[in-house]
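Structure assessment
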Amino acid sequence: MVVATYQSVSGAGKEAMDELWNQTKGIFVTDTPTPRKFTKQIAFNVIPHIDVFLDDGSTKEEWKMVAETKKILDTKIKLTATCVRVPVFVGHSEAVNIEFENPISAAKARSILREAPGLLVVDKREDGGYITPVECVGDYATYVSRIREDPTVENGLNIWIVSDNLRKGAALNTVQIAETLINRGLVKGR
């Protein structure tokens, strides 16, 4: 898997949201944006740096993404990530490239994803036929769009994923995973 995340400033807290707001307003009255929470200006910019840098050049956010994916899905998954902070108030996005062991068409993936609980597939091949962070705010669903085959690798797909990070964050996901495990009889509830 190759993933590029586009993470909203709300992922860094209220101070980060205030910084984006103040820098954006300031630019329109020719104030020089002063970074406080971020390492660089966030308004009208993107910052390919979330959390601290590690010895291998990745950031802690990128490391966490790899470690958590392996922990949740499969330790053998090979994943590389670039995590970018973007000037969006709420809503994280991901551009995901997945190479599968076996062939899978975009149509088959679309069909499987439509049946997955918590996911909504909005994948029309037309202007506006996908979901953006602004459109997902306030929803608990995770939206999947732009499902297409990747001609550069065997059995590859590219997909676009968007979710309201304040609604559908780690805590809610943990509860929903636990509920699914209980409902499937894989663990016993109290």
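Right above here is the structure, for reference.
Here's the deal with the nonpolar core
Val3, Met65, Val96, Val144, Ile147 and Ile159 are the most contacted members of the largest nonpolar core, which has 17 residues in total. Elements with a contribution of two residues or more to this core: strand S2 (80–85), strand S3 (92–99), helix H3 (106–115), strand S5 (142–150) and strand S6 (156–163). Sort the elements by how many residues they give to this core and S6 lands first, with three residues. With near-sequence residues (within four places) excluded, Met65 lies in contact with Val3, Thr5, Leu79, Ala81, Cys83 and Glu94. In this structure, Val9, Ala16, Phe38 and Ile47 belong to the second largest nonpolar core, which totals seven residues.

A few points about unusual backbone geometry
Positive phi is not limited to glycine here, since Arg146 has a value of about 50°. Relative to the elements of secondary structure, Arg146 occurs in strand S5. The class of Arg146 is partly exposed, set by a relative accessible area of 41%. One non-glycine residue, Asn155, lies in positive phi territory at about 60°. With respect to the element layout, Asn155 can be found in the loop between S5 and S6.

Digging into the sheet that holds strand S4 (residues 119–121)
Taken together, six strands build an open sheet; the order of strands is S2-S1-S3-S6-S5-S4 and the sheet is mixed. Strands with a single pairing partner mark the edges of an open sheet, and in this sheet they are S2 and S4. When the angles between neighbouring strand axes are averaged without regard to direction, this sheet yields 20°. Of the pairings in the sheet, the one linking strand S1 (residues 2–7) to S3 comprises five bridges and is antiparallel in character.

Things to note about the packing of aromatic side chains
On inspection of all chains with the given rule, the structure shows two aromatic pairs. Pairing Tyr6 with Trp160 gives two aromatic rings, centres 5.9 Å apart and planes at 40°, and the pair type is tilted. Of the two residues, Tyr6 is situated in strand S1 and Trp160 in strand S6; the sequence distance between them amounts to 154 residues. Judged by its relative accessible area of 30%, Tyr6 falls in the partly exposed class. Of the residues examined, Trp160 reaches a relative accessible area of 21% and is grouped as partly exposed.

Section: helix H1 (residues 14–28)
The terminal C-alpha atoms of H1, which comprises 15 residues, lie 22 Å apart, in line with the 21 Å expected from a rise of 1.5 Å per residue. Among the residues of H1, those classed as buried are Ala16, Glu19, Leu20, Gln23 and Gly26. Take H1 and look down its axis: the buried residues cluster within an arc of 140°, on one side only. Within H1, the exposed residues directed more than 90 degrees away from the buried face are Lys14 and Phe28. The positive-phi residue at the C-terminal boundary of H1 is Thr30, with phi of around 60°.

The rules behind each value
- Residues numbered from 1 in each chain as written.
- Predicted model: local features only at pLDDT ≥ 70, side-chain atom pairs only at ≥ 80, totals over all residues.
- Heavy atoms only, no water.
- Core = buried A, V, L, I, M, F, W, Y, C linked by side-chain atoms within 4.5 Å.
- Buried < 20%, exposed > 50% of the residue type's maximum accessible area, 1.4 Å probe, protein only.
- Helix = DSSP H or I, 4+ residues; strand = E, 2+ residues; numbered from the N terminus.
- Contact = heavy atoms within 4.5 Å.
- Pairing = 2+ DSSP bridges.
- Axes fitted to C-alpha atoms, helices over the stretch in contact; angles between N-to-C directions.
- Phe/Tyr/Trp six-rings, centres within 6.5 Å; stacked < 30°, edge-to-face > 60°.
- Expected span 1.5 Å × (residues − 1).
- Arc of directions from axis to C-beta.

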